[in-house]
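# Report on the structure
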Protein chains: 2
Amino acid sequence: MRATFMYGAGDVRVETVPDPTIQQPTDAVVRVVRACVCGSDLHRYRSLPASGTGRPMGHELIGVVEETGSAVTAVHPGDFVVAPFSFQDNTCAFCREGFHTSCVDGGWYGSPETGGLQAELARIPLADGSLVVVPDTDPTTADPSLLASLLALSDVYLTGHHAAHMGRVGPGTTVTVIGDGAVGLSAVLASRRLGAERIILMGRHTERTDLGREWGATDVVAARGAEGVAQVMDLTRGEGSHVAIEAVGLMPAYEQAYGIVRPGGVVSRIGIPQYEDAPVGFGSLFGKNATLTGGPAPVRAYLEAGIADVLAGEIEPGRVFDIELPLTAAAEAYRLMDTREALKVALRP
Amino acid sequence: MRATFMYGAGDVRVETVPDPTIQQPTDAVVRVVRACVCGSDLHRYRSLPASGTGRPMGHELIGVVEETGSAVTAVHPGDFVVAPFSFQDNTCAFCREGFHTSCVDGGWYGSPETGGLQAELARIPLADGSLVVVPDTDPTTADPSLLASLLALSDVYLTGHHAAHMGRVGPGTTVTVIGDGAVGLSAVLASRRLGAERIILMGRHTERTDLGREWGATDVVAARGAEGVAQVMDLTRGEGSHVAIEAVGLMPAYEQAYGIVRPGGVVSRIGIPQYEDAPVGFGSLFGKNATLTGGPAPVRAYLEAGIADVLAGEIEPGRVFDIELPLTAAAEAYRLMDTREALKVALRP
């Protein structure tokens, strides 16, 4: 089969490798219908040291189950499924509490053992806990926009949902989303779906913030830093935002987030922090009782509801995919996202 | 009247100064029945630069209203009241949301303008929003233990309650309280009151942890650092604590807190952080979806319920006061708390 590997910053190759096989009785092998490139892949695209060994890439897919291990009971060959971006048993203490990305048996794609999902076929460990069937849907005849929206449930949309959920967004809430990437826009859509009263989107790419407005952003602030903070404070009568969703992962975005959050409010992070230490003392979080939350989204926790919402036409999160390319053009997909020529690229094996 | 001033680290003096007077129509003057020394006063006791001008000290009191400004309607001369450690209007947007310590009109005691509460008399700004009447209680005949418990509502107990409340402690929760000072012990009592299933107290002063056990601690861990973290992990089947209440304010306690909190759990801080930057990235908070919360307790939000609980005998938070001294001995009170000879000292004018 063909699969995508990164050999260093900017060096993405699609190569022919042996097909994945069932290794554990809990495994499934899935034939990929669509995969895609994630904003988090771009961190590596910009920084991965060059190596003679390619790193398998990709952690998002929709596909059709090809084969299952002897212990798999929840999915069957022929099932059309969504795979969350991490795998999990869905039964351990942490999964039961809704934090599947900390599953004691779970893990991440992209290691030599589990491979990546930007491929024609993928081995899915812990298939019963990880794959969720899309009912009554034939991927060979489904509308491309439906496929895109189902693919968005694998990571990007439910990551945005996680940010809003952890931020306790609800009716009456003012939310500010920092970042107009695919995850930030998804957080806008999820916040509206959770009933947010007002959604301020901080971003400067008009074609992206326009989608944000369609998805429920009531205000757009293009300014950053102190000026951006001042504009959000003006928009909120000087009080600040109940929830600040930080969908970037860089320190300036974090600083904006605690600058705009109101007393007792929540900074909810979904951009993977590219820093370890940050201000949390009296002058940033503590003095105003601001809460800091967020982390890798336990997509599995939200996936059934997300599939139902997409099939019912309640949301169309697949609109973040503005380009679809064949899998063989994965290198071009990375380049387009790195240069911001594309918001998010779907890959079609 | 006599009032307490600090002239520098270790230099506390009780001096005779003019009585406070009504300065704003929203003021009240209160005759102090009991005041006390706070753990947070000790930070200054150890670090305040020497000065020829004394800093007025104290922010906790119970007392009897002596005089009210023309705009005060909720309290009257003769009322027996508890004063939260900050003053607030109790009507602004942030007060309405339960975060009175961020009141737009509020503030802190201990400035030259508002004075301190370790005194015979105190001017209370925004009296309608700040003072809460203790019904049907005569402080001249009340049991000393009742007075102590009411005094504890001014700060220490409701600060512990705030930590548990922000940490979302409830039935089924495992809570670990880091710190066996008066606030930590109060957090134990408050966590039990909120229904925590298991309460692990981290502290090494047996006479204090014994009170913690009486108040609901199911386990005591004397070890600190990595060994303390390991012991808490052992006690929780390797899973960690749903809530880690950090009642110290120093970096090692913060590090213990994120070390013991389980995935999806909450680190709730009430020790005023003596640091600004701290680990919050993938390796500390983000990776396991841990939430960081806490801040200065909005005591006013919890005060009516606290008074009712104390009067009903449901809780006896005043047991944190192990010594009572006359106000004139305030310097000795600070010394005893600084050397840990006393847990918390009440002052009687």
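Residues numbered from 1 in each chain as written. Chains lettered and ligands numbered in written order. Predicted model: local features only at pLDDT ≥ 70, side-chain atom pairs only at ≥ 80, totals over all residues. Heavy atoms only, no water.

## Describing the pairing of strand S1 (residues 2–8) of chain A
The side chains of a regular strand alternate, residue by residue, between the two faces of the sheet. Residues and elements named next belong to chain A. Selection criterion: Only protein chains enter the accessibility calculation, which uses a 1.4 Å probe; a residue is then buried when its area is under 20% of its type maximum, exposed when over 50%, and partly exposed in between. By the criteria applied, helices consist of DSSP H or I runs no shorter than four residues and strands consist of E runs no shorter than two, each listed in order from the N terminus. We call two strands paired when DSSP finds no fewer than two bridges between them.
Buried residues dominate S1, accounting for six of its seven residues. Where S1 meets strand S2 (residues 11–16), six bridges bridge the pair, whose relative direction is antiparallel. In the sheet register, threonine 4 faces S2, and the bridge partner there is valine 14. Counted between consecutive antiparallel strands, the loop separating S1 from S2 contains two residues, among which glycine 10 sits at a positive phi close to 75 degrees.

## Digging into the relation of the copies chain B and chain A
Defined as follows: What sets the superposition is a least-squares fit of C-alpha atoms, and only residues with pLDDT of at least 70 in both copies go into it.
The operation relating chain B to chain A is a screw motion whose rotation component is 180 degrees, with 0.0 Å of axial translation and a residual RMSD of 0.0 Å. Classification of the inter-copy transformation places it as that of a two-fold axis. If distances are taken from each C-alpha of chain B to the rotation axis, the shortest is found for leucine 292 of chain B, at 2.5 Å.

## Topic: the state of the cysteines
Residue and element names in this part refer to chain A. The condition that has to hold: Throughout, disulfides are identified as pairs of cysteine sulfur atoms within 2.5 Å of each other.
In the structure shown here, the tally under the stated rule is zero disulfides over all chains. The thiol of cysteine 36 is not disulfide-bonded; the next cysteine sulfur, from cysteine 38, is found 7.3 Å away. Here cysteine 36 falls in the buried class, since its relative accessible area comes to 0%. Cysteine 95 provides the cysteine sulfur closest to cysteine 103, a residue in no disulfide bond, and the two sulfurs are 3.8 Å apart. On the basis of relative accessibility, which here comes to 9%, the residue cysteine 103 falls in the buried class.

## Examining the side chain of arginine 208 of chain B
Residue and element names in this part refer to chain B. Heads up, the rule is: For the purpose of charge, His is not counted, nor are the chain termini; Lys and Arg are scored as positive and Asp and Glu as negative. Here a salt bridge means any side-chain nitrogen of Lys or Arg lying within 4 Å of a carboxyl oxygen belonging to Asp or Glu. In the analysis that follows, any N or O atom pair within 3.5 Å is treated as a polar contact, provided that within protein one partner can donate a hydrogen and the other can accept it, and provided that, for residues neighboring in sequence, both atoms belong to side chains. Residue contacts are defined here by distance: any two heavy atoms, one from each residue, within 4.5 Å place the two residues in contact.
With respect to the helices and strands, arginine 208 occurs in helix H7 (residues 206–214). One buried charge, arginine 208, has no salt-bridge partner; the nearest side chain with opposite charge is glutamate 207, at 4.1 Å. Polar contacts involving the side chain of arginine 208 include one to the main-chain carbonyl oxygen of arginine 340, which spans 3.5 Å. The contact partners of arginine 208, leaving out residues within four places of it in the chain, are Asp180, Gly181, Leu185, Arg340, Ala342 and Leu343.

## Observations concerning the pattern of salt bridges
All names here are of chain A. What the rule picks out here adds up to 36 salt bridges over all chains. Where arginine 46 meets aspartate 338, a salt bridge forms, and the shortest distance between an N and an O atom there is 2.6 Å. Here arginine 46, found in helix H1 (residues 39–47), pairs with aspartate 338, found in helix H11 (residues 330–338); they are 292 residues apart in sequence, far enough to count as distant. A salt bridge links glutamate 214 to arginine 319; the nearest nitrogen and oxygen atoms lie 3.0 Å apart.

## A closer look at helix H7 (residues 206–214) of chain A
Residues and elements named next belong to chain A. Which entries qualify depends on this criterion: By construction, the arc corresponds to the directions joining the helix axis to the C-beta atoms.
Buried within H7 we find Arg208, Thr209, Leu211 and Gly212. When H7 is viewed along its axis, its buried side chains cluster within an angular range of 150 degrees and face the same direction. Facing away from the buried side of H7 by more than 90 degrees, the exposed set consists of Thr206, Glu207 and Glu214. Of the surrounding elements, those touching the buried residues of H7 are helix H6 (182–193), strand S12 (198–202) and strand S13 (219–221). One or two residues past the end of H7 sits glycine 216, with phi positive at roughly 125 degrees.

By themselves, these figures tell us nothing about what the structure is for.
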